[in-house]
Each structure stands twice: as C-alpha cells, then as structure tokens.
Amino acid sequence: MQRKYGLAIERSLLILLCLCVAVTLITTGTALSILGKESFAFFSQVSIFSFLFGTEWAPLLEPKSFGVLPLVCGTMLIVIGSIVIALPMGLLVAAYLSEFASRRSRAFVKPALEILAGIPTVVYGYFALTFITPLLQKVFPNLQIFNALSAAIVVGVMILPLISSLCDDAFQGVPVALREGGYALGAFRYEVITQVVFPSAASRVGAAVILAISRAIGETMAVTLAAGATPSMSVNPFESIQTMTAYIVQVSLGDIPAGGVEYLTSFAVGALLFVMTLVLNIVGNSLLNKARLES
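Residues numbered from 1 in each chain as written. Predicted model: local features only at pLDDT ≥ 70, side-chain atom pairs only at ≥ 80, totals over all residues. Heavy atoms only, no water.

> It is not clear to me how the overall build of the protein should be interpreted in this structure. Could you clarify?
Check the secondary structure of the protein and you find 12 helices and two strands. Each helix and strand of the protein, placed in order from N terminus to C terminus, yields the pattern α-α-β-β-α-α-α-α-α-α-α-α-α-α. In terms of overall dimensions, the protein has C-alpha extents of about 70 × 70 × 35 Å along its principal axes. Burial analysis of the protein (295 residues in total) assigns 40% to the buried set. Pairs at least 24 residues apart make up 71% of the contacts formed inside the protein by residues separated by at least 6 positions. Separation of charge centres in the protein, based on 16 positive and 15 negative side chains, amounts to 14 Å. (Helix = DSSP H or I, 4+ residues; strand = E, 2+ residues; numbered from the N terminus. Buried < 20%, exposed > 50% of the residue type's maximum accessible area, 1.4 Å probe, protein only. Contact = heavy atoms within 4.5 Å. Lys, Arg positive; Asp, Glu negative; His and termini not counted. Charge placed at Lys NZ, Arg CZ, Asp CG, Glu CD.)

As structure tokens, then:
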C-alpha cells in the first residue's frame, strides 16, 4: 500500500514537472515565432543592411530613417559605463566576502547587498533623475537632465549584486589547498588573492561579467527614465541618448497604430536585442563549462 502511494506521488510529480517544461517551451516558442514573424514583415519593407548599418534612427518622423546604430551605440554606452562602475566594486566586495569577512559579517553583508537586486527598476530610474543627476550637475554644470552618465551609474548599482555574488561563488570554489600553498610559500593575503585565487577563478569571473552585461543590455525602465529618448551616435555620457529597450517602450505606449512599419520597428529592434543577449549567454555558458572542466 505504501509503495503504491509512493509511486502515485512520483508519477504526479513527473506529470507536474513535464507540464512545467511544456509551458516553458510553448511560451518560448510562441514568443520567438511572433518575434520572427513581425521582424520578417519589417525586413520585407526595409533593407536589413540599412537597418544594421544605418547611422540615423527616425522611424516616427519624415523622412523616415531606420538605421539602428544610434540605439546600439546608446545601449553600449550604458553597458560599458555600468561595467566600469560595477566590475571593480563587485570584485572588491567578492574578495572581502570570500577572503576577509567573518561568518557574522558575511551573513549580514551579502543579504544586505542582494537587497539591491530586489528594488524595482523604475525606482532606480527616479533615483537617478531626482538625486544622481542633480548631484552630478553640481560637478558638471553642462550635464543635461537626461544623460547617459546617470543611467550608467544606476545600472552599475543594479548589476553590482549579480557580479559580487557570482564572483564570490567563483572565489569560494577555488580549492583551499591552493590558498594554503600560497601562504606556505610566504605570500601575503593580497598576493594570494591576486596571483592564486583570481587566476584560478578567471573563467567563472568572466562568465559573471558576461551575464552582467546581458542584464545591463536588457535593462529598460531605469535607462528610459534616466537617459532620455534621443537616439544619437554620440559617445558623450553627458548627453541624452536612447537605448534599444527604451525605444521599444516608446513604441509600446500605444501612440503608434499597430501594423505599420513604425510599429514593426519594435519587433526588429527586439530581434536584434535577442540575438545580442543570446550570443552573450552562449559565451557565458561556454566559460562556465570551461571552468567546470578545469576544476
């Protein structure tokens, strides 16, 4: 009787898990099919070459231009700025948690840091708009209200918990014997960290950075509120720019009639964004697989 009851539970769990997998696959397949269908409709009207390599983006104005490079440039400006801010801080926090912090300090600092990941992104956007930008304008008087620098700062703060947590896990995965070998040779703690721990965890740290870049590329509300909506090829962080996700938000507000080429641009930009994040995730997974083989 007990065996039959156990088998019934296992079968029920198996069916539930299969349903969850099926829902995931169906949702992913449906989203990709819609994205592909609408993107194909767009590229049947606009040359893919002019879309990928054009330097002017004005699909809502006359004359219309569909060069996506200004959006890509704005997105990369935010990504590079956020990584420059978050990566050094994330590595330092991870090194502290892994090599210096006591159990009590670690139990307090890590959850407190990860609270940053739970704050809604729209709050980060308003924080950049109402606090960071006025603060920066005291240092840089020519700074525009909407600018890439404030957006990069808040996105850097947003991805900081991801980088620090993943790097901490990478440092924790380094065998204790390697650390002890370094100390046995007379190395100081900072030498063990920089010459033993970090090189041993380099692949996993690289994967963490790739995943953080994917997170920064896909950020929407914070950059929409902080960076503005001015598609530009400028690399000046003091000016207003527009990212790929911010443009999708602009089209999704409902002011543009569905079915037109202007409306289809959001799917084309979304498809390009999907390809970029997919490539980054593949690179990140390959680095993680390399780290597993090395360990």
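> How should the environment of Ile 241 be read in this particular structure?
Looking at where Ile 241 falls in the secondary structure, it is placed in the loop between helix 10 (221–227) and helix 11 (244–251). Sequence spacing of Ile 241 and Gly 228 is 13 residues, and the spatial spacing of their C-alpha atoms is 5.8 Å.

> Looking at this structure, I do not really get a nonpolar patch on the surface. What am I missing?
On the surface, a cluster of nonpolar side chains totalling about 550 Å² of accessible area is made up of Leu 32, Phe 274, Val 275, Leu 278, Val 279, Ile 282 and Val 283. Relative to the helices and strands, Leu 32 is located in helix 1 (residues 2–43). For Leu 32, a relative accessible area of 37% corresponds to the partly exposed category. (Patch = residues over 30% accessible without salt bridge, like charges linked within 9 Å, V, L, I, M, F, W, Y side chains within 5 Å. Areas by Shrake-Rupley, 256 points an atom, 1.4 Å probe, with all protein chains shown as cover. Salt bridge = Lys/Arg side-chain N within 4 Å of Asp/Glu carboxyl O.)

> Would you mind showing me how to read the nonpolar core here?
Side chains of nonpolar character tend, in soluble globular proteins, to be buried together. By size, the foremost hydrophobic cluster in this structure holds 65 residues, and its most contacted members are Phe 42, Phe 51, Trp 57, Val 68, Met 244 and Val 269. At 11 residues, helix 6 (residues 148–172) tops the list of elements feeding residues into this core. Phe 51 has contacts with Phe 42, Phe 43, Trp 57, Phe 66, Gly 67, Val 68, Ala 268, Val 269 and Leu 272, leaving out every residue within four places of it along the chain. (Core = buried A, V, L, I, M, F, W, Y, C linked by side-chain atoms within 4.5 Å.)

> Would you take a moment to explain helix 8 (residues 189–200) for this structure?
One full turn of an α-helix is made of 3.6 residues, so residues set three or four places apart face in the same direction. Taking 1.5 Å per residue, 12 residues should reach 16 Å; helix 8 reaches 15 Å between its end C-alpha atoms and fits that length. Taken together, the buried positions of helix 8 are Val 192, Ile 193, Val 196 and Val 197. Down the axis of helix 8, the buried side of the element spans an arc of 130°, and every buried residue falls inside it. In helix 8, those exposed residues whose orientation departs by more than 90 degrees from the buried face are Tyr 190 and Gln 195. Buried residues in helix 8 make contact with helix 3 (69–100), helix 6 and helix 7 (176–184). (Expected span 1.5 Å × (residues − 1). Arc of directions from axis to C-beta.)

> What is the right way to read the packing of helix 4 (residues 103–114) against helix 6 from this model?
For any two helices packed against each other, the geometry comes down to the angle between their axes and how far apart the axes lie. Put simply, helix 4 and helix 6 touch, their axes get as near as 8 Å, and they point 140° apart. Across the interface between the two elements, Arg 106, Lys 110, Leu 113 and Glu 114 of helix 4 pack against Leu 160, Pro 161, Ser 164, Ser 165, Asp 168, Asp 169 and Gln 172 of helix 6. The class makeup of the residues in the contact of helix 4 with helix 6 is three nonpolar, three polar and five charged. (Axes fitted to C-alpha atoms, helices over the stretch in contact; angles between N-to-C directions. Nonpolar A, V, L, I, M, F, W, Y, C, P; charged D, E, K, R; others polar.)

> Can you help me understand the pattern of salt bridges in this one?
Side chains bearing opposite charge may pair, as long as their charged atoms lie close to each other. Going through the model one piece at a time under the given rule, you end up with six salt bridges. In this structure, Arg 179 engages Glu 99 in a salt bridge whose closest nitrogen and oxygen atoms are separated by 2.7 Å. Linking Arg 179 in helix 7 with Glu 99 in helix 3, this pair joins segments that are 80 residues apart in sequence. Judged by its relative accessible area of 11%, Arg 179 falls in the buried class. For Arg 106, the salt bridge is made with Asp 168, and the minimal N-O distance between the two is 2.7 Å. Taken together, the residues span a long stretch of sequence, with Arg 106 in helix 4 and Asp 168 in helix 6 at a distance of 62 residues. By relative accessible area, Asp 168 is classed as buried at 0%. Bridged by salt links that share partners, the residues Arg 106, Lys 110, Asp 168 and Asp 169 form one connected network.

> Sorry if this is basic, but what is going on with the side chain of Gln 242 here?
Tracing the backbone shows Gln 242 in the loop between helix 10 and helix 11. Among the polar contacts listed, one links the side chain of Gln 242 to the side chain of Gln 250, at a separation of 2.7 Å. (Polar contact = N/O pair within 3.5 Å; in protein donor to acceptor, adjacent residues only side chain to side chain.)

> For this particular structure, what's the right way to read helix 6?
The end-to-end C-alpha distance of helix 6, which contains 25 residues, comes to 35 Å, matching closely the 36 Å that a straight helix rising 1.5 Å per residue would cover. Taken across its 25 residues, helix 6 has 19 buried, putting it largely inside the fold.

> Got a minute to help me understand the packing of aromatic side chains in this structure?
Two aromatic rings, taken as a pair, are described by how far apart their centres are and by the angle between their planes. Counting across every chain of the model gives 11 aromatic pairs. Their ring planes at 85° and their centres at 5.0 Å tell us that Trp 57 and Tyr 247 sit as a pair that is edge-to-face. With Trp 57 in strand 1 (residues 57–58) and Tyr 247 in helix 11, this residue pair connects regions lying 190 residues apart in the sequence. (Phe/Tyr/Trp six-rings, centres within 6.5 Å; stacked < 30°, edge-to-face > 60°.)

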